[in-house]
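Letter by letter, the chains look like this.
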Amino acid sequence: MSASCATAGTEWLNPTEGGRWELNRRNFAINGIVATGASVMPPSVVAESSQGLQQLPFKPEGYNYWTWRGHKIHYVEEGEGFPVVLIHGFGTSAFHWRYNIPELAKNYKVYALDLLGFGWSEKAQVDYDALIWRDQLVDFLKEIVKQHTVLVGNGLGGFTTLLAAAELPAEQVKGVTLLNSAGQFGDDITTTDTSEETALRKFIVRPVEEIFQRVVVGLAFWLSMRPTQIEAQLKSGVYRNHSNVDDYLLNSIAIPAADPNAGEVYYRLLRQLISNPRKYTLESVLSQLSCRLLLLWGDLDPWVDHAKANRIKEFYPNTSLVNLQAGHYPHDEVPLLVNKALLDWLSTLGLSEPSLRTVPEI
């Protein structure tokens, strides 16, 4: 799992040598989607809003459900044509593509999938790892989409799409679009001490630390999931233009967070993200990719350095880059610009006729 994704949700809780966690008081008030500490940019750098765009109707009960490995998975399906699959970022859901789905569905068959543990999908009590979401997406393509496709992902969802595209046969994924994707290059990840644990630490210290960590994470999660706190954090710099920080967005975050198991899922995610940030790197995944890549990058993102986009393009030359004056969620903050750039790029892939060939077995 990427270190950048971990940073986005754990700025207040820092791992120290030997695996201990300690509080960063400056950034204590966090949640599963946003972090504090970023200043708002002046109006001169704020891009246009989404006024006039059609919005996906909000349904508190969700849209469609699919059973995967015994778990209930939510997804949206709209339009006809070549399939385009959208994967949300950390802590958000399929509803985060509210301004993109209706526009894309005019020309393509659009799917927006809720990853396990997020959105309207089940808050399963499992060990979360990058590969669980990769496998979920791969199986979704095989069982629901059943055609060649284009994958689009934001944040954590971006790295998930890369992993899935690298796993599938080369002809299966015709293109990948990343919006401020999670994932880091290997030389950007700080080496940590991996010395062997003593019996005392393993059987006494660690269990006590885990209890404390659960209490702290649970309290922080509960405090930060109040609608007023969610709104404040979204406006702290994650969205540079606040026009779309509205009730629709707040409900799409707060409703899943009210699930009785949401706090436990968040705790498990944090544990995994912190414990193994080096396992998957961008260069290892990109080196297995063969399709065309589009980067739609919010250059004002307080979490993901805009220089990452340039480095991805340098490492993987078959890449197109569009820089946007937006934060971490350009698809929701400046959807007019994202929709145009994405549709223009899709038109160059020769996807006018949908493929009827099913996804091959892996």
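- In the nomenclature of an unreviewed UniProt entry, the chain corresponds to Pheophytinase, chloroplastic-like isoform X3 from the organism Nicotiana sylvestris.

**With respect to the packing of aromatic side chains**
Reasoning step 1: Per the counting criterion, the structure on display carries 17 aromatic pairs.
Reasoning step 2: Measuring from centroid to centroid gives 5.7 Å for Tyr111 and Phe140, while their planes differ by 85°, and the two rings are edge-to-face. Here the residue Tyr111 occupies a position in strand 6 (residues 109–113), and Phe140 occupies one in helix 3 (residues 130–145), the gap between them amounting to 29 residues.
Reasoning step 3: Using a relative accessible area of 2% as the deciding quantity, one classes Tyr111 as buried.
Reasoning step 4: Take Phe140: its relative accessible area is 0%, and that puts it in the buried class.
Reasoning step 5: Chaining the aromatic ring pairs together yields one cluster made of Phe58, Tyr63, Phe95, Trp120 and Tyr248.
Reasoning step 6: The positively charged end of Lys59 is found above the aromatic ring belonging to Tyr63, 4.2 Å away from the centroid.
Reasoning step 7: Lying over the aromatic face of Tyr65, Lys72 brings its terminal NZ or CZ to 4.4 Å of the ring centre.

**A few points about helix 3**
Reasoning step 1: In a regular helix each residue adds 1.5 Å, so 16 residues correspond to 22 Å; helix 3 covers 21 Å between its end C-alpha atoms and thus fits that length.
Reasoning step 2: Of all the positions in helix 3, only Ala130, Ile132, Trp133, Arg134, Gln136, Leu137, Val138, Asp139, Phe140, Leu141 and Val145 are classed as buried.
Reasoning step 3: The opening residue of helix 3 is Asp129, an N-cap whose side-chain oxygen sits 2.9 Å from the backbone nitrogen of Leu131.

**A few points about the environment of Tyr239**
Reasoning step 1: Tracing the backbone shows Tyr239 in the loop between helix 6 (227–238) and helix 7 (247–257).
Reasoning step 2: As for Tyr239 and Glu333, which are separated by 94 residues in sequence, their C-alpha atoms are 6.6 Å apart.
Reasoning step 3: The contact partners of Tyr239, leaving out residues within four places of it in the chain, are His96, Leu234, Val245, Leu249, Tyr329, Asp332 and Glu333.
Reasoning step 4: A polar contact of 2.8 Å, which involves the side chain of Tyr239, links it to the side chain of His96.

**Quick look at unusual backbone geometry**
Reasoning step 1: Backbone geometry at Arg69 places phi at a positive 50°, although glycine is not the residue there.
Reasoning step 2: Here Arg69 lies in the loop between strand 3 (64–68) and strand 4 (71–78).
Reasoning step 3: For Arg69, a relative accessible area of 52% translates into the label exposed.

**Quick word on the sheet that holds strand 8 (residues 173–179)**
Reasoning step 1: The strand order across the open sheet built from eight strands is 3-4-6-5-7-8-9-10, with neighbouring strands paired in mixed fashion. With partners counted over all chains shown, the strands left at the sheet margins are strand 3 and strand 10 (319–324), one partner each. Within the sheet, the average angular offset between the axes of one strand and its neighbour, ignoring direction, is 20°.
Reasoning step 2: Bridge analysis of strand 5 (residues 83–87) against strand 7 (residues 149–154) gives four bridges, and the strand direction is parallel. By the bridge assignment, Val84 is partnered in strand 7 with Val150.
Reasoning step 3: Its contacts with the sheet put helix 10 (residues 307–315) on strand 9 (292–298) and strand 10, and the angle it makes with strand 9 is roughly 165°.
Reasoning step 4: Relative to strand 9, helix 12 (residues 335–346) is tilted by about 170°, and along the sheet it contacts strand 5, strand 7, strand 8, strand 9 and strand 10.

**Quick notes on the side chain of His88**
Reasoning step 1: Here His88 lies in the loop between strand 5 and helix 2 (101–104).
Reasoning step 2: Polar contacts involving the side chain of His88 include one to the main-chain carbonyl oxygen of Thr92, which spans 3.3 Å.
Reasoning step 3: Among all residues touching His88, those that are not within four sequence positions of it are Ser93, Ala94, Trp97, Leu113, Asp114, Leu115, Phe118, Asn154, Leu156 and Gly157.

**Here we look at the packing of helix 3 against helix 4 (residues 156–167)**
Reasoning step 1: Packing of helix 3 against helix 4 brings their axes to within 9 Å, and their N-to-C directions diverge by 65°. With respect to the hand of their crossing, helix 3 and helix 4 are arranged in right-handed fashion. Residues Ala130, Trp133, Arg134, Leu137 and Val138 of helix 3 form the contact with helix 4, whose own contacting residues are Leu156, Thr160, Thr161, Leu163, Ala164 and Glu167.
Reasoning step 2: Here the residues of the contact of helix 3 with helix 4 sort into seven nonpolar, two polar and two charged.

**Some remarks on the side chain of Asp129**
Reasoning step 1: With respect to the helices and strands, the residue Asp129 is situated in the loop between strand 6 and helix 3.
Reasoning step 2: For Asp129, a relative accessible area of 15% corresponds to the buried category.
Reasoning step 3: Here the side chain of Asp129 touches Leu131 through a polar contact of 2.9 Å, landing on its backbone nitrogen.
Reasoning step 4: Within the structure, Asp129 has its side chain in polar contact with the side chain of Tyr280 (distance 3.1 Å).

Parameters at a glance
- Residues numbered from 1 in each chain as written.
- Predicted model: local features only at pLDDT ≥ 70, side-chain atom pairs only at ≥ 80, totals over all residues.
- Heavy atoms only, no water.
- Phe/Tyr/Trp six-rings, centres within 6.5 Å; stacked < 30°, edge-to-face > 60°.
- Helix = DSSP H or I, 4+ residues; strand = E, 2+ residues; numbered from the N terminus.
- Buried < 20%, exposed > 50% of the residue type's maximum accessible area, 1.4 Å probe, protein only.
- Lys NZ or Arg CZ within 6 Å of the ring centre and 35° of its normal.
- Expected span 1.5 Å × (residues − 1).
- Polar contact = N/O pair within 3.5 Å; in protein donor to acceptor, adjacent residues only side chain to side chain.
- Contact = heavy atoms within 4.5 Å.
- Pairing = 2+ DSSP bridges.
- Axes fitted to C-alpha atoms, helices over the stretch in contact; angles between N-to-C directions.
- Left-handed = near helix turned anticlockwise from the far one by under 90°.
- Nonpolar A, V, L, I, M, F, W, Y, C, P; charged D, E, K, R; others polar.

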